[in-house]
Amino acid sequence: MPRILGEERQAMAIQDPVSGSVITLYFRPPTSEERVAYQLAAFHLEQGERRYRLGETRLRFGAEILQGFAPGAFLVHEDGGTAPLDQERHPDWKARLAAQAPDLVSYLGQQVFEGWRVVGRGEPEGE
């Protein structure tokens, strides 16, 4: 399937290892400036030594481009039971996901900013 250029919102379906379900996250394409900042943020100079900060970088930038999720993808404890996490009713939805599902937010960041796959010679495209 071809990529539609100029789309404001993209979707990524992720197999959630915790729930076993497929969760769809919506995100905006990063800007060129964000792509450069991502690469620069992965390393940090600390007392003259380079420190690898890829985990923090993936989470931070994944959260920056995250715009939402498919309805019913997440449940929260509420009023003695569980209820769907709702972007309208829960304005802190992004902070909740970053704190309680950082693996999914980080995976989004990793795939969008690093997920390049090169098709090698002799390898059919689309596989």
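This text goes with the structure placed above it.
All of the points below concern the structure found in this document.

Moving on, we get to the packing of helix H1 (residues 32–41) against helix H2 (residues 54–65). Contact geometry of H1 with H2 gives a least axis separation of 9 Å together with a crossing angle of 160°. In this view, H1 runs roughly antiparallel relative to H2, as classed from their interaxial angle. Note on packing geometry: the crossing formed by H1 with H2 is right-handed. For the pair H1 and H2, contact is made by Glu 34, Ala 37, Tyr 38 and Ala 41 and by Leu 54, Thr 57, Arg 58, Arg 60, Phe 61, Glu 64 and Ile 65, respectively. Among the residues forming the contact of H1 with H2, the class breakdown is six nonpolar, one polar and four charged.

In this structure, Ser 106 sits in helix H4 (residues 102–114). For Ser 106, a relative accessible area of 16% corresponds to the buried category. Setting aside residues up to four positions removed in sequence, Ser 106 forms contacts with Gly 55, Arg 58 and Leu 59.

To describe a pair of aromatic rings, you give the distance between the ring centres and the angle between the ring planes. By the definition in use, this model includes six aromatic pairs. Ring centres 5.3 Å apart and planes at 90° place the aromatic pair Phe 69 and Phe 74 in the edge-to-face group. With a relative accessible area of 5%, Phe 69 lands in the buried category. A relative accessible area of 12% places Phe 74 in the buried class. Plain terms: the ring middles of Phe 69 and Trp 93 are 5.6 Å apart, the flat faces sit at 65° to each other, and that makes the pair edge-to-face. With Phe 69 in strand S5 (residues 66–69) and Trp 93 in helix H3 (residues 93–100), this residue pair connects regions lying 24 residues apart in the sequence. In this structure, Phe 69 and Trp 93 share a single accessibility class: buried. Members of the aromatic cluster, joined through ring pairs, are Tyr 38, Phe 61 and Phe 113. The ring of Phe 113 carries Arg 35 above its face, with NZ or CZ at 5.8 Å from the centroid. Above the ring of Phe 43, the side-chain terminus of Arg 50 is found at 4.8 Å from the ring centroid.

Right, let's get into the pairing of strand S3 (residues 43–46). In this structure, S3 lies alongside strand S4 (residues 49–52), joined through four bridges in antiparallel fashion. Among the inter-strand pairings, His 44 is bridged to a residue of S4, identified as Arg 51. Counting the residues between successive antiparallel strands, the hairpin from S3 to S4 contains two residues, one of them, Gln 47, with a positive phi of roughly 55°.

The rules behind the values
- Residues numbered from 1 in each chain as written.
- Predicted model: local features only at pLDDT ≥ 70, side-chain atom pairs only at ≥ 80, totals over all residues.
- Heavy atoms only, no water.
- Axes fitted to C-alpha atoms, helices over the stretch in contact; angles between N-to-C directions.
- Helix = DSSP H or I, 4+ residues; strand = E, 2+ residues; numbered from the N terminus.
- Parallel < 35°, antiparallel > 145°, perpendicular 65-115°, else oblique.
- Left-handed = near helix turned anticlockwise from the far one by under 90°.
- Contact = heavy atoms within 4.5 Å.
- Nonpolar A, V, L, I, M, F, W, Y, C, P; charged D, E, K, R; others polar.
- Buried < 20%, exposed > 50% of the residue type's maximum accessible area, 1.4 Å probe, protein only.
- Phe/Tyr/Trp six-rings, centres within 6.5 Å; stacked < 30°, edge-to-face > 60°.
- Lys NZ or Arg CZ within 6 Å of the ring centre and 35° of its normal.
- Pairing = 2+ DSSP bridges.

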